[in-house]
Amino acid sequence: MSKLNNLFKEAKKNKKKIFIGFVTSGDPNYKSSKEIIKEMTKSCQIIEAGISFNTSTSDSPIIMEANDRAINSGMNMNKTFKLIREVKRETKTNTCFVIMTYLNPVKIFGLKKFINQCNFVGIDGVIIVDSNLNSPEEKILINGLSKKKIGYIKIISPTNDDEFIKLSIKNCRDSWLYITSYFGLTGSKNVNIDNVKKMVKRVRNYSKEIPVAVGFGVKTPSQVKQVSKYADGVICGSSIVNKVAEGHKKRLKGKKLATFVSSYVKKLSRGIKK
Amino acid sequence: MKIPPFKEINPPTKDGFWINKKTKERFGGQYISPLLVPNLKRVEKGFFKAIKDKKFMRELNEELLSFIGVNTPVHFSPELTKLAGGEKKIGKIYLKRTDLHTNHSHKPVSAYSCCKLAKYLGFKKILTETGAFQNGRAVASACAALGLDLDIYVGANDAKKLAINKDISALHGANIIEVHDSTKSLLPAMAAALRAFQSEPDSMYVVGSVAGPHPYPLMVRTFGSVIGRITKKQFKNLVGKDPSTIFSVCGGGSNMLCISYPYLKTKNTKIYAVESAGKGLKTGKHGATIGGGGKIGILLGMQSKVLLDGENIAESFTEASGLDFSSIGTEVAFLQSVGRIKFLTATDLEAKKTFMMMARKVGLICAIEACYVIHAAIKEIRKIGKPKQNHLIHLCGAGEPNVAQMMEHMKKNK
Ligand SMILES: Cc1ncc(COP(=O)(O)O)c(C=O)c1O
């Protein structure tokens, strides 16, 4: 069983919910980003680290600006692996790490090498936004990652049909199903609770077990609380990245920037129903 | 002339891939967020339904003939023939005058067809991107004619350069959105249009070239091949046989594929595509995906050849906004990889000199994009150097939008 599987299973047993924080790795630069992620391990059970791609087609302007900051500071796939490895070593944290990126960086890095590096560093799950259910790359990734007990996470949205949802559940291995609460880009709107309820219900028609986590537009502790009533996990992304941008504009660096961001993340995480 | 019917002679797989069986390279696909899956399905299903719908196709063809004026001439060019060395040395050079379409380029053919499809499918609004604003203008005119709303995404730098077509698009009622991401050119504009497509389920995206996720590349070349179908018949009527060569410029590759498509299985016709070498391939400042050594990458919903910068997409550079693109269309990349299309380049300076030559010696103001192909074609035709050849150059656009840019060039070089 994968570490993500375990995490969700234990949480369910204890009637607890999982808080997931997203941040762009290397934003605004390697050093500060490492401090931010180290601090975030204290309040996130899962950290999603975004690996930037300069021609991303599904990111909101907030994330795109973070991508630019990270790329301009020299960030890439290799350095993200290094960063997460260092964070894990220095904090000895229990927090799970998930990588979120696009297929081009993975393909250029090399699919096999990517799978091996994930295994070596101890990445627990992978989300590839523009990987398609019937592309050959997806098959290689799913098979390769699940052999190493690394989760593969699929995103579904309110406009996807049941056929697509069924296939996503099937391809979502050792992890959770990522539900977007509305049709649109990350962080561009506020979470739509009605959609969350409907989507969770639709998923439950096909699988009683698969954990579901909801993201897109969850920006406040009370929204976190609301969403956690219906989902197994809650994902906050754009609002955290926005906090990084805010601190960066105030010229905060390193540990100071990390404290600035993580105190906000901590507040968000307290929205989880205890 | 009636528009000859479409025949599928290079079909992709059902997932939208063209596969090079030898190298196993794949071109195409649907590399998009799950959010876009339903929209693309709707467009794909609708497209296949529409091209089988006799009434839809009859109406479309009538409107392409009357409103767009697709029956533009193919004619002998004595000036270019002479310039290349004369009939005795190189045979004859002909021009296909796509610049004479309503809205002055090849873009209106696929733009009008796709907008008509959108209407057929019940969409109320169109989203598109543009580089040289030729596509923007073409879609704006189509949307006005068909009663559709329109958002045009354009790189902020391009918006500054090509004022006339931008103004014309606005006069047609288009809403113009400037994109300030990364290079502020065609690539980020297309990414922005695709993002909008993910946020507006009731709008249909229309692409400006044979690029993007399946079914877009297939759709644009199928609709756009009207140009090639007419050309093939015209050329046969005029010359008595198929051309020995066809030369077209290649940004994304739409004008090239639209004219060349009916010749893909015509063995005696060699097909050439010309990319912009910008300031020169060696300077690294160019827009030549193939000439500059592009590799397989995944961007804007497709797998194709791409100029890469590490794990990211590299910036392209050329003074021709329509060619300022770090990738090429998926079927084009496939045809190149199997050796069906040969690629050449011309620099910005060579194109500008050719623009002046065409203005002074031939009497035509050509789109700057078309000047890359004219330059490279003449050079290649000289190299071929055989009599009794019949060469065809695709004059894919008129040069009004480039007047300001070229006046500056003229003043500098007085
Ligand atoms: C006149 C003209 N030719 C060529 C192009 C390049 O596009 P494509 O290669 O898709 O025909 C453009 C693009 O805007 C254009 O305006």
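Located above this text is the structure these notes cover.
For every chain, the first residue of the written sequence is number 1, and numbering continues from 1 onward in sequence order. Starting at A for chains and at 1 for ligands, labels are handed out in the order in which the entities are written. It should be noted that, the model being predicted, local features are given only for residues of pLDDT at least 70 and side-chain atom pairs only at 80 or more, the latter also being counted only at that level, while totals for whole chains, interfaces and linings use all residues. Just so you know, side-chain values use all the structure's heavy atoms and leave hydrogens and water out.

### Structural notes on the packing of aromatic side chains
Aromatic rings from Phe, Tyr and Trp, taking only the six-membered ring of Trp, are treated as a pair when their centres fall within 6.5 Å; an angle between ring planes under 30 degrees marks them as stacked, one over 60 as edge-to-face, and anything in between as tilted. Using the criterion set out here, one finds 17 aromatic pairs over all chains in the structure. On the basis of an interplanar angle of 70 degrees and a centroid distance of 6.2 Å, the ring pair of B:Phe17 and B:Tyr31 is categorised as edge-to-face. Of this pair, B:Phe17 sits in strand β1 (residues 17–19) while B:Tyr31 sits in the loop between β2 (26–28) and α1 (37–52); the two residues are 14 residues apart in sequence, bridging distant segments of the chain. Take B:Phe17 and B:Tyr31: they sit in the same class, and that class is buried. Aromatic rings pair up to connect A:Phe81, A:Phe109 and A:Phe114 into one cluster. Each ring is checked for a lysine NZ or an arginine CZ that lies within 6 Å of its centre and within 35 degrees of its normal; such an atom marks a charge sitting over the ring. Over the face of the ring belonging to A:Phe109 we find A:Lys113, whose NZ or CZ atom lies 4.3 Å from the ring centre. Numbered from the N terminus, helices here are DSSP runs of H or I no shorter than four residues, and strands are runs of E no shorter than two. Accessibility here uses a 1.4 Å probe with only protein chains present; expressed as a share of the type maximum, an area under 20% marks a residue as buried, one over 50% as exposed, and anything in between as partly exposed.

### A look at empty space enclosed by the protein
A pocket, in this scheme, is an open set of points on a 1 Å grid over the protein atoms alone with protein on both sides within 12 Å along at least 5 of 7 lines, while a cavity is a set where a 1.4 Å probe fits but cannot get out; residues line either one if an atom lies within 4 Å of a point. Grid points are joined across faces, edges and corners, and a volume is the space filled by probe spheres set on the points. Inspection of every chain in the model, using the stated rule, returns six cavities of 30 Å³ or more. Together, 30 residues line the largest cavity, and B:His106, B:Lys107, B:Leu186, B:Gly208 and B:Gly322 are the ones closest to its centre. Put simply, the parts of the chain that give the lining of the largest cavity at least two residues each are β5 (125–130), α6 (134–146), α9 (186–199) and α12 (254–260) of chain B. Taken together, the residues of the lining of the largest cavity break down into twelve nonpolar, 15 polar and three charged. By volume, the second largest cavity amounts to about 250 Å³. Around the second largest cavity, the lining is made up of 27 residues, and of these A:Phe22, A:Asp59, A:Ile63, A:Met100 and A:Thr186 lie nearest the centre. Of all the secondary-structure elements, those providing two or more residues to the lining of the second largest cavity are β1 (18–24), β2 (46–50), α3 (61–72), β3 (96–101), β9 (233–236) and α11 (238–249) of chain A. Three classes are used, and their members are as follows: Ala, Val, Leu, Ile, Met, Phe, Trp, Tyr, Cys and Pro are nonpolar, Asp, Glu, Lys and Arg are charged, and the others, Gly among them, are polar.

### Re a positive patch on the surface
Residues and elements named next belong to chain B. Each patch is built from salt-bridge-free residues with over 30% relative accessible area, joining like charges within 9 Å and nonpolar side chains (Val, Leu, Ile, Met, Phe, Trp, Tyr) within 5 Å. Each accessible area is a Shrake-Rupley estimate made with a 1.4 Å probe; only the visible protein chains count as cover when residues are assessed. Throughout this description, the term salt bridge denotes a Lys or Arg side-chain nitrogen within 4 Å of a carboxyl oxygen of Asp or Glu. Under this rule, positive means Lys or Arg and negative means Asp or Glu; His and the chain ends count for nothing. Working definition for charges: the position is that of NZ of Lys, CZ of Arg, CG of Asp or CD of Glu. On the surface, Lys82, Arg360, Lys361, Lys411 and Lys414 cluster together to form a positively charged patch. Topologically, Lys411 is positioned in helix α16 (residues 403–412). Owing to a relative accessible area of 58%, Lys411 belongs among the exposed residues under this scheme.

### Brief notes about the packing of helix α2 (residues 30–40) of chain A against helix α4 (residues 77–91) of chain A
Residue and element names in this part refer to chain A. Interaxial angles span 0 to 180 degrees and are taken between N-to-C directions of axes, which are lines fitted to C-alpha atoms, for helices over the stretch in contact. Close contact between α2 and α4 brings their axes to 10 Å; oriented N to C, the two are set at 45 degrees. As far as their axial angle goes, α4 and α2 are oblique. Crossing of α2 over α4 shows right-handed handedness. Every residue of α4 that contacts α2 at Tyr30, Ser33, Lys34, Ile37 and Lys38 is listed here: Lys79, Lys82, Leu83, Glu86, Val87, Glu90 and Thr91. Roughly parallel means an angle under 35 degrees; roughly antiparallel means over 145; roughly perpendicular covers 65 to 115; every other angle is labelled oblique. Handedness of a crossing is defined here by the sense of rotation of the near helix relative to the far one, left-handed for an anticlockwise turn of less than a right angle and right-handed for a clockwise turn. Contacts between residues were defined by any pair of non-hydrogen atoms, one from each residue, lying within 4.5 Å.

### What about the pairing of strand β8 (residues 212–215) of chain A?
Residues and elements named next belong to chain A. Neither face of β8 is left uncovered, since the one carrying Val212 and Val214 and the one carrying Ala213 and Gly215 both have all their residues buried. Any two strands with at least two DSSP-identified bridges between them are counted as paired. Where strand β7 (residues 177–180) meets β8, four bridges bridge the pair, whose relative direction is parallel. When the bridges of β8 are listed, Leu177 appears paired with Val212. Handedness of the β7-helix α9 (residues 193–206)-β8 crossover: right-handed. In the classification by handedness, the crossover that spans β8, the intervening helix α10 (residues 221–228) and the parallel β9 is right-handed. Call a crossover right-handed when, viewed with both strands pointing away from you, the route from the first strand across the helix to the second goes clockwise.

### Regarding the site of the ligand
All names here are of chain B. Taken together, 17 residues surround the ligand, and among them His106, Ser209, Gly251, Gly253 and Ser254 come closest. Within the side chain of Ser209, one N or O atom sits 2.6 Å away from an oxygen atom of the ligand. Contact distances for the ligand include 3.1 Å between an oxygen atom and a backbone N or O atom of Gly252. The fraction of the free accessible surface of the ligand (390 Å²) that becomes covered by protein chains is 97%. Structurally, the ligand is housed in the largest cavity. In terms of residue class, the shell around the ligand is built from six nonpolar, nine polar and two charged. Being near a molecule or strand, for a residue, comes down to having at least one heavy atom within 4 Å of it. Think of a polar contact as two N or O atoms within 3.5 Å of one another; within protein, one of them needs to be a possible hydrogen donor and the other a possible acceptor, and neighboring residues in sequence only count if both atoms come from side chains. Whether a molecule sits in a cavity or pocket is decided by its atoms, more than half of which must lie within 2 Å of the grid points.

### Quick word on α11(A)
Think of an α-helix as turning once every 3.6 residues; residues three or four places apart then point the same way. Residue and element names in this part refer to chain A. The end-to-end C-alpha separation of α11 is 16 Å, in line with the 16 Å expected for twelve residues at 1.5 Å each. Buried within α11 are the following residues: Ser238, Ser239, Ile240, Val241, Lys243, Val244, Ala245 and Gly247. Against β1, α2, α3, β9 and α12 (254–269) lie the buried residues of α11. Of the residues one or two after α11, Arg251 is the one with positive phi, at around 65 degrees. Multiply 1.5 Å by the residue count of a helix minus one, and that product is the helix's expected span.

### Some points on the sheet that holds strand β8 (residues 203–206) of chain B
All names here are of chain B. On the basis of which strands lie adjacent, the open sheet formed by four strands has the order β7-β6-β5-β8 and parallel pairing. Among the strands making up the open sheet, the edge pair consists of β7 (175–179) and β8. Geometrically, the sheet is characterised by an average inter-axis angle of 25 degrees between neighbouring strands, direction not taken into account. Two strands pair when backbone bridges link them, and strand β6 (residues 149–155) and β7 are joined in this way by five bridges, in the parallel orientation.

### Thoughts on the interface of chain A and chain B
Reports often express the size of an interface as the amount of accessible area lost when the parts come together. Contact residues are listed per partner, giving 40 residues for chain A and 34 residues for chain B. Here chain A meets chain B over a buried area of about 2900 Å², counting both sides, of which 57% is carbon and sulfur. Together, A:Thr55, A:Thr57 and A:Phe183 form the three largest contributors to the area buried by chain A at its contact with chain B, with a combined 21%. Where chain A packs against chain B, one counts one salt bridge. For B:Lys41, the salt bridge is made with A:Asp161, and the minimal N-O distance between the two is 3.5 Å. At the level of secondary structure, the elements contributing two or more residues to the side of chain A that touches chain B comprise α3, α4, α5 (103–109) and α7 (136–147) of chain A. Examining the composition of the side of chain A that touches chain B, we find that six residues originate from one element, α5(A), more than from any other. Considered class by class, the residues forming the side of chain A that touches chain B number 16 nonpolar, 18 polar and six charged. Two parts placed together each lose some accessible area under a 1.4 Å probe, and adding up what both lose gives the buried area.

### As for the sheet that holds strand β15 (residues 341–346) of chain B
All names here are of chain B. The strand order β3-β4-β16-β9-β10-β15 describes an open sheet built from six strands, whose pairing is mixed. The open sheet has two free edges, formed respectively by β3 (74–76) and β15, since each of these has just one partner strand. Neighbour-to-neighbour, the strand axes of this sheet turn through a mean angle of 25 degrees, independent of strand direction. In this sheet, strand β10 (residues 270–276) lies alongside strand β9 (residues 245–249) in parallel orientation, the contact comprising five bridges. The partner of Thr245 across the bridge, within β10, is Lys270. Packed on one face of the sheet, helix α15 (residues 368–384) meets β4 (92–97), β9, β10, β15 and β16 (390–395) and runs near 150 degrees to β9.

### Things to note about the environment of A:Lys256
All names here are of chain A. Looking at where Lys256 falls in the secondary structure, it is placed in helix α12. Accessibility expressed as a relative area gives 64% for Lys256, which makes it exposed. Sequence separation between Lys256 and Ile240 is 16 residues, and the spatial gap between their C-alpha atoms is 15 Å.

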